[in-house]
Amino acid sequence: MKVTVVGGGLAGCEAALQLAKRGLEVDLYEMRPQKMTGAHTGEQLAEFVCSNSLGSYDTGVASGLLKKEMQILGSYLIEIAFQNKVPAGAALAIDRNAFSSEVSQLIFKNPKINLIRKELTQIPEGPAIIASGPLTSELFANSIKEFAGEEHLHFFDAIAPIVEKDSIDFSKAFYASRYDKGEASYINCPMNKEEYENFYNILINAPRIELKDFEKKAKFFESCLPVEVLASRGVDTLRYGPLKPVGLVDKRTGTVNYAVVQLRQDNLSASLYNLVGFQTNLKWGAQKELIHSIPGLENANIIRYGVMHRNTFVNSPKLLNKFLQCKKRNDLFFAGQITGTEGYTESIATGMYAGINLANYLNGEKFLDLSDVTMLGALTTYISFEGHKHFQPVNSNWGILAEIDIDRKTRKNKKLKNEILANRSISYLNGLLLQ
């Protein structure tokens, strides 16, 4: 039996590999490079568009628990991510080119996967997974809209700039990770009060790219706000957000800084670094002025400027059940950010889950039914909950997990509580696989 997977991004590639593993033939459609998006830069599969970080791999952090669950359940892409890890403290950051290349080769060499470089404009007939992503083409998005019978929801996503390491002034910048946790893998550019106020004034007065009328109605996703939007909330917002200086001390001087801009390694050769938390929609000339106002980056060679783009997602509570199966059509599943799960890790996880469950459906087996004691089970339960009045994208977080019966003292100890929740999930999954 043949299955169609629409989209060669993180979710689509993971779904295709899971289907092939279970004996199914797969036609994997990817429109690039025939038709490009406003954010992708190449034609490789599973391209990381924004940051190169998948977040923490510590199971005491929500996204870290999700990664562990994916490893237990046999995700292909999360293992490739670990194999292409670059230094980033407790975060799983990758060499994005090496990662995409390895995933692409795995797809190319799989005899059960047929990669078709073509834009689909209609939802395919027969068994399928739609993983076309937040940058779904207009024609295919219209097909989904017609099928769903209602408007899509939209939010904005933004990409941070990347600079060349050799152009950074290390007489001012220094290596450190916050509180010296893990390797000293971030480059830190410190600011005093005067330097920060100059930076802030440039930022809030900088010209932005004009939004189109239909884009003005869309919403920002709270965890990926453009830096200028954050700054508009108050002069100290950035100092308590992406530019917070706590736990970052230049051991050469011992200075406690007023604000700190962090840069994270973006490739294995450590020649490129992205500005953490600097997603932006500023015009490129304004971005250059802003970046060059940061101590240590006065002469930075900017390899990629930040951009902002509209992301599309469906009204999952109306369209999908917790297995990511379409309520209107049993052989149609959705996966990735188009479902309203936000984040790289979440995209891979839902691709894995949709691939496993569609394969089980076609092979006459039971669905992989994950309890909401697991992060993945909680995510799919959340996005399929029909009680949402205003459904918005969500990423992994402790608040969506099933409650646990613990005493008040333990509940107030967030670290201990999260550890208990993580152990509960891991034990549950290990027990499930033994059945």
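In what follows, the accompanying structure is described. (Residues numbered from 1 in each chain as written. Predicted model: local features only at pLDDT ≥ 70, side-chain atom pairs only at ≥ 80, totals over all residues. Heavy atoms only, no water.)

Re the sheet that holds strand β3 (residues 53–56)
- Ordered in space as β3-β5-β4, the three strands form an open sheet in which the pairing is antiparallel. Edge strands, defined here as strands with exactly one partner in the open sheet, are β3 and β4 (85–86).
- The pairing of β4 with strand β5 (residues 91–94) spans two bridges and is antiparallel. If you follow Lys85 over to β5, its bridge partner there is Ile94.
- Against the sheet, helix α2 (residues 62–73) makes contact with β3 and β5, and its axis sits at roughly 105° relative to β3, the strand it touches most. (Pairing = 2+ DSSP bridges. Helix = DSSP H or I, 4+ residues; strand = E, 2+ residues; numbered from the N terminus. Contact = heavy atoms within 4.5 Å. Axes fitted to C-alpha atoms, helices over the stretch in contact; angles between N-to-C directions.)

Overview of helix α13 (residues 414–434)
- Between its first and last C-alpha atoms α13 spans 31 Å; for 21 residues at 1.5 Å apiece the expected length is 30 Å, and the two agree.
- Where α13 is concerned, the buried positions are Lys417, Asn418, Leu421, Ala422, Arg424, Ser425, Ile426 and Leu429.
- Against the buried residues of α13 lie α2, α11 (375–383) and α12 (408–412). (Expected span 1.5 Å × (residues − 1). Buried < 20%, exposed > 50% of the residue type's maximum accessible area, 1.4 Å probe, protein only.)

Overview of helix α8 (residues 284–292)
- Restricting attention to buried positions, one finds in α8 the residues Ala286, Gln287, Leu290 and Ile291. Angularly, the buried residues of α8 cover 130° about the axis, an arc narrow enough to put them on a single face.
- For α8, the secondary structure elements touched by its buried residues are β9 (162–164), α6 (193–205), β14 (272–275) and β15 (302–304). (Arc of directions from axis to C-beta.)

Examining the pairing of strand β2 (residues 25–29)
- Most of β2 is tucked away, with four of its five residues classed as buried.
- Bridge count between strand β1 (residues 2–6) and β2: five bridges; the pairing is parallel. In the strand pairing of β2, Val6 is matched with Tyr29.
- After leaving β1, the chain enters helix α1 (residues 10–21) and then returns to the sheet as β2, a path that is right-handed.
- Here β2 pairs with strand β6 (residues 113–116) via four bridges, running parallel. (Right-handed = clockwise from strand over helix to strand, strands pointing away.)

As for the sheet that holds strand β17 (residues 325–326)
- In space, the six strands of this open sheet follow the order β6-β2-β1-β7-β18-β17, with mixed pairing throughout. Among the strands making up the open sheet, the edge pair consists of β6 and β17.
- One ladder, built from three bridges, connects β1 with strand β7 (residues 128–130); its direction is parallel. Each bridged residue has a counterpart across the sheet, and for Val5 the counterpart in β7 is Ile129.
- Against the sheet, α1 engages β1, β2, β6 and β7, with an angle of about 170° to β2.
- Of the strands in this sheet, β1, β7, β17 and β18 (329–334) touch helix α10 (residues 344–362), which is tilted by about 160° from β18.

Re the packing of helix α3 (residues 76–83) against helix α4 (residues 96–109)
- Where α3 contacts α4, the two axes come as close as 9 Å, and the packing angle between them is 140°. Relative to α4, the element α3 lies oblique. Crossing hand, α3 versus α4: right-handed. Residues Tyr76, Leu77, Ile80, Ala81 and Gln83 of α3 pack against Phe99, Glu102, Val103 and Leu106 of α4. (Parallel < 35°, antiparallel > 145°, perpendicular 65-115°, else oblique. Left-handed = near helix turned anticlockwise from the far one by under 90°.)

Quick notes on the pattern of salt bridges
- The tally for this structure, following the rule as stated, stands at 13 salt bridges.
- Close ionic contact of Asp331 with Arg329 constitutes a salt bridge, the shortest N to O distance being 2.7 Å. You'll find Asp331 and Arg329 in the same group, each marked buried. (Salt bridge = Lys/Arg side-chain N within 4 Å of Asp/Glu carboxyl O.)

So far we have only geometry, and geometry alone does not tell us how the molecule works.
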